[in-house]
Amino acid sequence: MTPPATPAYRRLSVEERRSQLLDAALTLFAHRAPEDVSLDDVAEAAGVSRPLVYRYFPGGKQQLYEAALRSAAEELQQCFDEPLQGPLLARLGHAVDRYLAFVDEHDTGFSALLQGGSVVETSRTTATVDGVRRAAAEHIYRHLGVAAPGPRLRMTVRTWITAVEAASLIWLDEGKQPPVEELRAWLVEQFVAVLTVTAGRDPQTAALVGTLTGDGGD
């Protein structure tokens, strides 16, 4: 009987290889602080040589980290990209669910990303993280149906996004307690609460709170 043919080796394209290296780096950064991950670690995880990692990322670990961070940031931004269908708070709940799933999956890497202080932190990495916050805010304005948010509404939404980040970090420190479903519900309730406080000083926000607490907000 003729033995089965050995599958032909397929050389990865430049983009495929780069994606492979980024995936390996993201997996490592998800469980270890960036300063604790070496290029040798990335090469071993990807099953390639260290020189090959340098070929794709000649800037070394810093360039690789920044590229991995941008990749993670793109995924985080998509968390809030919810279709404009159904009750607004339900949409927000779905977005927070995806955000918390990302936090759960990336764990240590998420902490290092938001807490800063890493030896590989630069103005570019800081701008990347802030870009995620700004993108999340823009998605929220879109769900609220607000094309031109005033300063009080902008401040309220950005403050809530900061609270979500802080709660996520504390949740990791507390061994992922309370259960994620309870955390999600609490964060959505907080969103309504901070808007309600702002509504007392801002007519634009007051009109939104009326919509949230009406029939369409449940």
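Draft legend 1. Highlighting helix α4 (residues 61-79). Compared with an ideal rise of 1.5 Å per residue, which puts 19 residues at 27 Å, α4 spans 27 Å between its outermost C-alpha atoms and is within 8% of the ideal. Restricting attention to buried positions, one finds in α4 the residues Leu64, Tyr65, Glu66, Ala67, Ala68, Leu69, Ala72, Ala73, Leu76 and Cys79.

Draft legend 2. Broad picture of the packing of aromatic side chains. All told, the structure shown has 2 aromatic pairs when counted by the stated rule. Aromatic pair tryptophan 160 and phenylalanine 191: ring centres 4.9 Å apart, planes at 65°, arrangement edge-to-face. Taken together, the positions of tryptophan 160 in helix α8 (residues 151-173) and phenylalanine 191 in helix α9 (residues 180-199) put the pair 31 residues apart, joining distant regions of the chain. Assigned by exposure class, tryptophan 160 and phenylalanine 191 land together as buried.

Draft legend 3. Region of the structure containing unusual backbone geometry. That bond from glutamine 177 to proline 178 is cis: its omega, 0°, falls within 30 degrees of zero. Residue placement: proline 178 occurs in the loop between α8 and α9.

Draft legend 4. Local environment of the side chain of threonine 205. Its location among the elements puts threonine 205 in helix α10 (residues 203-212). Of note is the side chain of threonine 205, whose polar atom sits 2.6 Å from the side chain of aspartate 202. Dropping the residues within four chain positions of it, threonine 205 is found in contact with Leu153, Leu195, Thr198 and Ala199.

Scoring rules and cut-offs
- Residues numbered from 1 in each chain as written.
- Predicted model: local features only at pLDDT ≥ 70, side-chain atom pairs only at ≥ 80, totals over all residues.
- Heavy atoms only, no water.
- Helix = DSSP H or I, 4+ residues; strand = E, 2+ residues; numbered from the N terminus.
- Expected span 1.5 Å × (residues − 1).
- Buried < 20%, exposed > 50% of the residue type's maximum accessible area, 1.4 Å probe, protein only.
- Phe/Tyr/Trp six-rings, centres within 6.5 Å; stacked < 30°, edge-to-face > 60°.
- Polar contact = N/O pair within 3.5 Å; in protein donor to acceptor, adjacent residues only side chain to side chain.
- Contact = heavy atoms within 4.5 Å.

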